[in-house]
Amino acid sequence: MRNRHTIFAAVLALACCTALSAPAAPQGAPAAAPAPAKGIPIAKPAELMKLTKVQPGLYTLRCAGMDKAQANFYGPYDAAVPAAKGVCAVPRFGCSSVVNGNFVGRNMDYFISPAPVFILWTDGGKDHYASLAMTFAPADPANYMKESITAPDDINRYNTPEQLARLTTMAQDGVNEKGLCCTSHVVDPVDSNNTERGTDPGAPELSMFMVCRYVLDHAATADEAIELLKKRSIRVMNRGLILHWIIADSNRCYIVEVVNDQLCYTDKKRVMTNFLHTQPGINSHPWGFERMQILEEHYHEGTSVEGMYNLMRRVHYTQAYDLNTKPYWYSEKTGVGGDGSETTIQTPRYDPELRKEMEEYAAALKVVTPENNPLLLWETTYGTVYDMANKTMRLMLHEKYDTFYDIKL
């Protein structure tokens, strides 16, 4: 069985630009469905640091935000990245992001799981900006194989002061009052030490899992975000999982990555999935290439909230890892452009070894989804569309596209 960086299954699925010459979409790409006619508004909570239940599995939380002077709060955060052992080594990388003008679409792909999802409002302050963001709490790594499928909607284990403080820092995606947006995704690590030294040893440390929060709190533009990150030593505290980010405003967009302890970024793309874009020649595996193909092919659709909503619907995650899907989505790198300006990866449509691995995993977990399909292992846990000009979010949960929430900063 291949070793596919199993810590992802035990921690946050973080997550987590003008399109290049777009390759043709894979055969069988779904057609966009019409957008729902009406969303459900969610209001900003009146109280600080008190969870409010919207529906089972969806909660709101309002926090005060942090000043730059509280740099130690962004230091190494071991408790947020517990080590994982004994988790099945199957690929489960997900998440897709697209930026088109003022609009950002993002899918958070994860296991079918009752892990609660949180809408975060951060109040502005003298040294930080107000923001609207999303995060979620995965199952306890010690009981992940069981809890990711069977845990009830029990918020008590997340409703302690320590857990609430952690949730406020672990933003997966969001927009701030200046119209800056950030999303974070998992990417396969390619270096030997997985950024354990940090990108700039000696500089104030910033946990990789807090980059999105730090950028939303302190950057007014995408260019400013890059300069802020250059002054930090970005670290991950465990091997096996790293993140990359899209950071965008209405004018500029960057894909930001950490490669061989170096902060790397490019403004050449506005579509990001789960492989390196700044240095594609050293990808160990380009997870999500099929999703990238579809998003680039249909990029022109994402010029409104409704258009972006339907664009992200084209790559909802049940297609990617339903064992019955034809063609079966599976990426494999066979070639990459040398200068990194254009990815040229060919993708076989079937892999017997991976299929066998996933069937064994499904049998071990006895996975049963809400649709009662035992072969469906993953889903888009939530999808967001941000309007950076108006500082709004459209939120969809568990691929139920006929119902969504409209939220304002």
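Cut-offs used in this document
- Residues numbered from 1 in each chain as written.
- Predicted model: local features only at pLDDT ≥ 70, side-chain atom pairs only at ≥ 80, totals over all residues.
- Heavy atoms only, no water.
- Helix = DSSP H or I, 4+ residues; strand = E, 2+ residues; numbered from the N terminus.
- Buried < 20%, exposed > 50% of the residue type's maximum accessible area, 1.4 Å probe, protein only.
- Polar contact = N/O pair within 3.5 Å; in protein donor to acceptor, adjacent residues only side chain to side chain.
- Contact = heavy atoms within 4.5 Å.
- Pairing = 2+ DSSP bridges.
- Axes fitted to C-alpha atoms, helices over the stretch in contact; angles between N-to-C directions.
- Parallel < 35°, antiparallel > 145°, perpendicular 65-115°, else oblique.
- Left-handed = near helix turned anticlockwise from the far one by under 90°.
- Salt bridge = Lys/Arg side-chain N within 4 Å of Asp/Glu carboxyl O.
- Core = buried A, V, L, I, M, F, W, Y, C linked by side-chain atoms within 4.5 Å.
- pLDDT = per-residue confidence, 0-100.
- Phe/Tyr/Trp six-rings, centres within 6.5 Å; stacked < 30°, edge-to-face > 60°.
- Lys NZ or Arg CZ within 6 Å of the ring centre and 35° of its normal.

**Let's talk about the side chain of aspartate 173**
Residue position: aspartate 173 is located in strand S8 (residues 173–176). Using a relative accessible area of 0% as the deciding quantity, one classes aspartate 173 as buried. Only 2.9 Å separates the side chain of aspartate 173 from the side chain of arginine 106, close enough to count as a polar contact. Separated by 2.5 Å, the side chains of aspartate 173 and tyrosine 382 make a polar contact.

**Section: the side chain of asparagine 107**
As for its position among the elements, asparagine 107 is in strand S5 (residues 103–111). A polar contact of 3.1 Å, which involves the side chain of asparagine 107, links it to the backbone oxygen of methionine 312. In contact with asparagine 107, other than residues within four places in its own chain, are Cys95, Ser96, Met312, Val315, His316, Thr380, Tyr382 and Gly383.

**Overview of helix H2 (residues 161–169)**
Within an α-helix, residues lying three or four positions from one another point in the same direction, as the helix has 3.6 residues per turn. Within the sequence span of H2, burial applies to Leu164, Arg166, Leu167, Thr168 and Thr169. Turning to H2, the residues buried within the fold contact strand S3 (58–63), strand S6 (117–122), strand S7 (131–136) and helix H3 (211–218).

**Brief notes about the sheet that holds S8**
Strands belonging to one sheet form pairs held by backbone hydrogen bonds; the direction of such a pair is parallel or antiparallel. The mixed open sheet is built from nine strands, whose spatial order is S2-S3-S6-S7-S8-S9-S12-S13-S14. One side of each edge strand has no neighbouring strand; the edge strands of this open sheet are strand S2 (52–55) and strand S14 (262–266). Taken pair by pair, the neighbouring strands of this sheet meet at an average axis angle of 20°, ignoring direction. Bridging between S7 and S8 involves four bridges; their strand directions are antiparallel. In the strand pairing of S8, alanine 133 is matched with glycine 174. Of the strands in this sheet, S6, S7, S8, strand S9 (181–187) and strand S12 (242–248) touch H3, which is tilted by about 5° from S8. On the sheet, helix H4 (residues 222–230) packs against S12, strand S13 (253–259) and S14 and is oriented at approximately 15° with respect to S13.

**Description of the packing of H3 against H4**
For any two helices packed against each other, the geometry is given by the interaxial angle and the distance between the axes. At a minimum axis distance of 10 Å, the contact between H3 and H4 shows a crossing angle of 125°. As the angle between them shows, H3 and H4 are arranged oblique. The handedness of the crossing between H3 and H4 is right-handed. Along its contact with H3, which presents Val211, Tyr214, Val215 and His218, the element H4 presents Glu224, Ala225, Leu228 and Leu229.

**Details of the environment of tyrosine 382**
Relative to the assigned elements, tyrosine 382 resides in strand S16 (residues 378–387). Owing to a relative accessible area of 0%, tyrosine 382 belongs among the buried residues under this scheme. Residues tyrosine 382 and arginine 106 lie 276 residues apart in sequence; the distance between their C-alpha atoms is 8.5 Å. When residues no more than four places from it in sequence are discounted, the contact partners of tyrosine 382 are Arg106, Asn107, Met108, Val117, Met134, Gln172, Asp173, Leu395, Met396 and Leu397.

**Thoughts on H3**
Burial analysis of H3 places eight of its eight residues in the buried class, the great majority of the element. Every buried residue of H3 is accounted for by Val211, Cys212, Arg213, Tyr214, Val215, Leu216, Asp217 and His218.

**Some details on the environment of histidine 128**
The topology assignment puts histidine 128 in the loop between S6 and S7. Here histidine 128 falls in the buried class, since its relative accessible area comes to 7%. Taking the C-alpha atoms as reference points, histidine 128 and histidine 218, separated by 90 residues in sequence, lie 5.2 Å from one another. Within polar-contact distance, the side chain of histidine 128 engages the backbone oxygen of alanine 64 at 3.0 Å. Engagement of the side chain of histidine 128 in a polar contact is seen with the backbone oxygen of aspartate 123, the distance being 3.0 Å.

**So, the pairing of S2**
Strand direction decides the pairing type here: S2 and S3, joined by three bridges, are antiparallel. Residue pairing for S3: glutamine 55 is matched across the bridge by leucine 58. Counted between consecutive antiparallel strands, the loop separating S2 from S3 contains two residues, among which glycine 57 sits at a positive phi close to 90°.

**Topic: the pattern of salt bridges**
Tallied over the entire structure, the rule returns 15 salt bridges. For lysine 50, the salt bridge identified is with glutamate 47, shortest N-O distance 3.5 Å. By relative accessible area, glutamate 47 is classed as partly exposed at 45%. Arginine 166 is the partner of glutamate 162 in a salt bridge, and the nearest nitrogen-oxygen pair spans 3.9 Å. Taken together, the residues glutamate 162 and arginine 166, both in helix H2 and four residues apart, mark about one turn of the helix. Judged by its relative accessible area of 16%, arginine 166 falls in the buried class. One network of salt bridges, in which partners are shared, links Lys44, Arg62 and Asp123.

**So, the nonpolar core**
Nonpolar side chains in soluble globular proteins tend to be buried together. In this structure, Phe118, Val215, Leu229, Ile234, Trp245 and Ile247 are the most contacted members of the largest nonpolar core, which totals 45 residues. Counting residues in each nonpolar core, the second largest holds 29 residues, with Val117, Phe136, Cys253 and Tyr382 among its members.

**Topic: the confidence of the model for the protein**
Residue-level pLDDT values for the protein average 76, and 63% of them are 70 or greater. Predicted confidence for residues 1–31 stays below pLDDT 50, and this span has 131 contacts to residues more than four positions away or in other chains. The low-confidence segment residues 333–349, where pLDDT is below 50, has 42 contacts with residues more than four positions distant or belonging to other chains.

**What about the packing of aromatic side chains?**
The geometry of an aromatic ring pair is captured by two quantities: the separation of the ring centres and the angle between the planes. Following the criterion strictly, the structure yields five aromatic pairs and no others. Plain terms: the ring middles of phenylalanine 118 and tyrosine 158 are 6.3 Å apart, the flat faces sit at 70° to each other, and that makes the pair edge-to-face. Taken as a pair, phenylalanine 118 in strand S6 and tyrosine 158 in the loop between helix H1 (144–150) and H2 lie far apart in primary sequence, 40 residues in all. Here the two residues phenylalanine 118 and tyrosine 158 agree in accessibility, since each one is buried. Chaining the aromatic ring pairs together yields one cluster made of Tyr59, Phe118 and Tyr158. The ring of phenylalanine 404 has arginine 394 sitting right over it, with the charged end atom 3.8 Å from the ring centre.

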